[in-house]
Amino acid sequence: MNTSPNIEEIASLIGEPSRVSMLVSLMGGKALPASELARLAKITPQTASTHLAKLVEGGLLQSESHGRHRYYRLASPEVAHAMEALLTIANPAPVRSLHESEQLRVLRYARTCYDHLAGSLGASLTNRLFELGWIERIPGGRAVRVTPDGAAGFLAEFGLEVKIGKERV
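Starting afresh in each chain, residues are numbered from 1 along the sequence in its written order. pLDDT decides what is reported in this predicted model: residues at 70 or higher carry local features, side-chain atom pairs at 80 or more are listed and counted, and totals for whole chains, interfaces and linings draw on all residues regardless. Values reported for side chains reflect all heavy atoms of the structure, with hydrogen atoms and water molecules removed beforehand.

### As for the overall build of the protein chain
When helices and strands are counted, the protein chain shows 8 helices and 9 strands. Residue contacts are defined here by distance: any two heavy atoms, one from each residue, within 4.5 Å place the two residues in contact. In the protein chain, the share of contacts with a sequence separation of at least 24, taken over all contacts with a separation of at least 6, comes to 38%. Strands here mean DSSP runs of E at least two residues long; helices mean DSSP runs of H or I at least four residues long; both are numbered from the N terminus.

### Notes on the sheet that holds strand 2 (residues 61-66)
Spatial ordering of the open sheet is given by 1-3-2, a layout of 3 strands whose pairing is antiparallel. At either end of the open sheet lies a strand with only one pairing partner, and these are strand 1 (32-33) and strand 2. Following DSSP output, two strands are said to pair if at least two bridges run between them. Of the pairings in the sheet, the one linking strand 2 to strand 3 (residues 69-74) comprises 6 bridges and is antiparallel in character. Following the sheet pairing, H66 is matched in strand 3 by H69.

### Remarks on the environment of I10
Tracing the chain through its elements places I10 in helix 1 (residues 7-14). Its relative accessible area of 29% is what places I10 among the partly exposed residues. With 49 residues separating them in the primary sequence, I10 and G59 have C-alpha atoms 8.9 Å apart. To sort residues, take the accessible area from a 1.4 Å probe on protein chains only and compare it with the maximum for the residue type: under 20% means buried, over 50% means exposed, and anything in between is partly exposed.

Here it is as structure tokens:
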């Protein structure tokens, strides 16, 4: 953990609307090319390139080249968690079109966020797994784990092998 974090620097990087759009677009964990991020942020490729360079330099994104294209992804799961936390506390942006309204409805229903399913679908699925006893909360934290019943029943039906303790179920 950084003992003297520069919150102002990160806040200024995240606080620009085009950068927010690009960061949110990458929360699904998939790397995207600069051209796609420019399209999603509704900015020119040249402007996107400048923003992406700042996000890489600030440690929020990583880039990798594949042929003529440069792909970007979030630098770590912590970036995704920080963005998700900000999305949770931020006031909703005004909806200015039918397309934006539909997009917001879909995102509220189901989306992926780096390493998990989110939205009302993710919350409903998680609640149901708790009800069935297939997952449980780890004492002292927010983390969960698969129970032996969950591993032997639910996940085994999907052909997934889960290690519980030292055993494979």
